[in-house]
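Structural description and commentary
Read off the chains here:
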Amino acid sequence: MLNNLKEQIEKYNFSIKKGYGQNFLIDKGMINKIVDGAKLPEKSIVLEIGPGFGSLTNALSSICEKVICIEIDKSLIPILESYNLLNVQVIHSDFLKLDLEELLKGYSELHVVANLPYYISTPIIMKLLTYKPTNNGAHIKSMTMMMQKEVAARLKAEKNSKEYGSLTLAVGYYAAVSHVANVPSGCFHPRPAVESTVIRLEKKENGFQTDERKLFSLIKMAFAKRRKTLVNSLLLSGFEGTKEQISSTLSALGIKENTRAEDLDLEDYVRLNNHLHW
Ligand code: SAM
């Protein structure tokens, strides 16, 4: 596959743009592993962010009903279109600026499969997780995504570890996380300087009754000064309330006064959010 890619690069006089996180997959076995790991149901509609030269796209198009690809790099569009894959729609756009509701109108459910551009993997994950269709919009059922190993570790981190934080809690709120594969840097051209991991997120209904916007701003403030106690971190990060209010709520919930952000799990944060009356 490396030779194919090199031929394409030459044929189209393509220059690799590091600024767009361009590390292209050249390992057929790994591409198959990602597609299998996505556990796509029959006749899936798939959204792919950053198709690049289309190595994943081609594999997906042979087993899916439709693949919708979003690519920021204009020079890759004619290359992707030259494959003439009838069930592939190529869109030239910055995924972070895209109106998902508008894009996905007319579908009932879909799955995301992507080798993410690492420089924006967290905002992409958050955009997908927090997307809520209105009216008859499409539901995102699962996301199988390659990302930097360190980001993957934050998604599935355990309480009290250094990777545990607001991203772990946000992902846990919306989805179930599973590991698909570790990807050696030799599977790419050019080789990335970091290690990569493929993670699958399956959207879930969590049943929590809480104000989501407040919950995530509480979590953000709690972890803003993670070495300090939770009470101090909240107060130093602009929480609008008094020390007494936070301390008495913690005590009413049976949480130690000197607890730190990383000592609490998602259920604790939901209880705290609901009892703080802020
Ligand atoms: N899927 C291809 C593969 O596996 O070989 C390419 C993966 S490469 C890591 C990331 C791709 O995302 C590149 O093609 C890059 O141009 C594209 N990209 C970067 N930023 C983007 C953005 N904001 N919106 C859409 N695509 C983006």
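For every chain, the first residue of its written sequence is number 1, and the numbers climb from 1 along that sequence. In keeping with the predicted nature of the model, local features appear solely for residues at pLDDT of at least 70, side-chain atom pairs appear and are counted solely at 80 or more, and the whole-chain, interface and lining totals rest on all residues. The side-chain quantities take in all heavy atoms of the structure and omit both hydrogens and water.

The criterion for a residue being near a molecule or strand is simple. One of its heavy atoms has to lie within 4 Å of it. Every one of the 24 residues lining the ligand counts as a neighbour, but L25, G50, E71, N115 and Y119 are closest to it. A 3.5 Å cut-off defines polar contacts: any pair of N or O atoms within that distance qualifies, except that in protein one atom must be a possible hydrogen donor and the other a possible acceptor, and neighbouring residues in sequence count only when both atoms are side-chain atoms. At a separation of 3.4 Å, a nitrogen atom of the ligand approaches a polar backbone atom of P51. I72 places a main-chain nitrogen or oxygen 3.3 Å from a nitrogen atom of the ligand. Surface accessibility follows the Shrake-Rupley procedure with a 1.4 Å probe radius. Residue values consider only the protein chains on display as shielding. In isolation the ligand offers 600 Å² of accessible surface; the protein chains occlude 99% of this area. Here the term cavity refers to a set of points on a 1 Å grid, laid over the protein atoms alone, in which a 1.4 Å probe fits but cannot get out; the term pocket refers to an open set having protein on both sides within 12 Å along at least five of seven lines, with lining residues being those that place an atom within 4 Å of a point. Being in a pocket or cavity means that more than half of the molecule's atoms lie within 2 Å of its grid points. Judged by the proximity of its atoms to the pocket grid, the ligand belongs to the largest pocket. Counting only elements with at least two residues in the shell around the ligand, the list comes to β1 (24–25) and β3 (66–71). As a working rule, the residues Ala, Val, Leu, Ile, Met, Phe, Trp, Tyr, Cys and Pro are called nonpolar, Asp, Glu, Lys and Arg charged, and the rest polar, with Gly in that last group. Residues of the shell around the ligand, tallied by class, amount to 12 nonpolar, 8 polar and 4 charged. Working definition: helices are DSSP H or I runs of at least four residues, strands are E runs of at least two. Numbering for both runs from the N terminus.

Two strands qualify as a pair provided DSSP detects at least 2 bridges between them. The 7 strands are arranged β4-β3-β2-β5-β6-β9-β7 in an open sheet whose pairing can be described as mixed. Of all strands in the sheet, those bounded by a partner on one side alone are β4 (88–92) and β7 (175–183). Shown here is a sheet whose adjacent strand axes are inclined to one another by a mean of 20 degrees, direction ignored. In this structure, strand β6 (residues 139–148) lies alongside strand β9 (residues 196–203), joined through 7 bridges in antiparallel fashion. From the neighbouring strand, Q148 faces β9, where its bridge partner is S196. Contacts: residue pairs with any heavy atoms within 4.5 Å of one another. Note on geometry: axes are C-alpha line fits, over the in-contact stretch for helices, and angles between N-to-C directions span 0 to 180 degrees. Lying on the sheet, helix α2 (residues 28–37) is in contact with β5 (109–115), β6, β7 and β9; it crosses β7 at an angle near 165 degrees. Contacting β7 and β9, helix α8 (residues 166–174) runs over the sheet at an angle of about 115 degrees to β7.

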